[in-house]
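Each chain, letter by letter, is given below.
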Amino acid sequence: MDQMIMLVLILVVFYFFMIRPQMKKQKELKKFREGLSVGDKVVTIGGIHGKVLEVSESTILISVDSGKIRVDKSAVSNSADDMLVKK
């Protein structure tokens, strides 16, 4: 019986410290990507900084110093404005 209680306790701790925060972070990132609009400054997962020019269902067009690139929405990691605040 003691082993069963310890196993359940470990699973509960694992859920609250590992799984739940990750799910919350994924939900916030999904909400951010769905809320992208023209004029937002973003950073891709590859480290490319740019300004959103066009938003479609699954891709966005980003203006960078050397021109324009089209990336998938899933490639956007966060807002460039957030990066400035965190430093």
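Our subject is the structure that appears above.
Quick caveat, the model's predicted, so the values are computed rather than measured. (Residues numbered from 1 in each chain as written. Predicted model: local features only at pLDDT ≥ 70, side-chain atom pairs only at ≥ 80, totals over all residues. Heavy atoms only, no water.)

J.: For the overall build of the protein chain, give the residues involved together with the corresponding values.
T.: Each helix and strand counted, the protein chain has two helices and five strands in total. Over its C-alpha atoms the protein chain spans a radius of gyration of 19 Å, topping by over 25% the 12 Å that the globule rule assigns to 87 residues. Here the protein chain holds 87 residues, and 22% of them are scored as buried. In the structure as shown, the protein chain presents an accessible area of about 7,000 Å², 61% of it carried by carbon and sulfur atoms. Charged side chains of the protein chain number 14 positive and 10 negative; the gap between the two group centres comes to 2 Å. (Helix = DSSP H or I, 4+ residues; strand = E, 2+ residues; numbered from the N terminus. Rg over C-alpha atoms; globule rule 2.2 N^0.38 Å. Buried < 20%, exposed > 50% of the residue type's maximum accessible area, 1.4 Å probe, protein only. Areas by Shrake-Rupley, 256 points an atom, 1.4 Å probe, with all protein chains shown as cover. Lys, Arg positive; Asp, Glu negative; His and termini not counted. Charge placed at Lys NZ, Arg CZ, Asp CG, Glu CD.)

J.: Residues and numbers for the nonpolar core, please.
T.: In terms of nonpolar packing, the biggest core is built from nine residues, these being Leu36, Val42, Val52, Ile60, Ile62, Val64, Val71, Ala75 and Val76. Among the elements that take part in this core, strand β3 (residues 59-64) stands out by supplying three residues, more than any other. Sequence-distant contacts of Val42, that is, excluding residues within four places in its chain, are made with Phe32, Leu36, Ile48, His49, Gly50, Val52, Ile62, Val76, Asn78, Ser79 and Ala80. (Core = buried A, V, L, I, M, F, W, Y, C linked by side-chain atoms within 4.5 Å. Contact = heavy atoms within 4.5 Å.)

J.: Please set out the packing of aromatic side chains residue by residue, giving values where relevant.
T.: What the rule picks out here adds up to one aromatic pair. For the ring pair Tyr15 and Phe16, a centre distance of 5.2 Å and an interplane angle of 80 degrees mean the geometry is edge-to-face. Here Tyr15 falls in the partly exposed class, since its relative accessible area comes to 36%. (Phe/Tyr/Trp six-rings, centres within 6.5 Å; stacked < 30°, edge-to-face > 60°.)

J.: Kindly report on the pattern of salt bridges, identifying the contributing residues and their values.
T.: This structure, assessed with the given rule, holds one salt bridge. The salt bridge partner of Glu54 is Arg70, with a shortest N-O separation of 3.2 Å. Here Arg70 lies in strand β4 (residues 67-72) and Glu54 lies in strand β2 (residues 49-55), a separation of 16 residues in the sequence. (Salt bridge = Lys/Arg side-chain N within 4 Å of Asp/Glu carboxyl O.)

The analysis is restricted to geometry; functional conclusions fall outside its scope.
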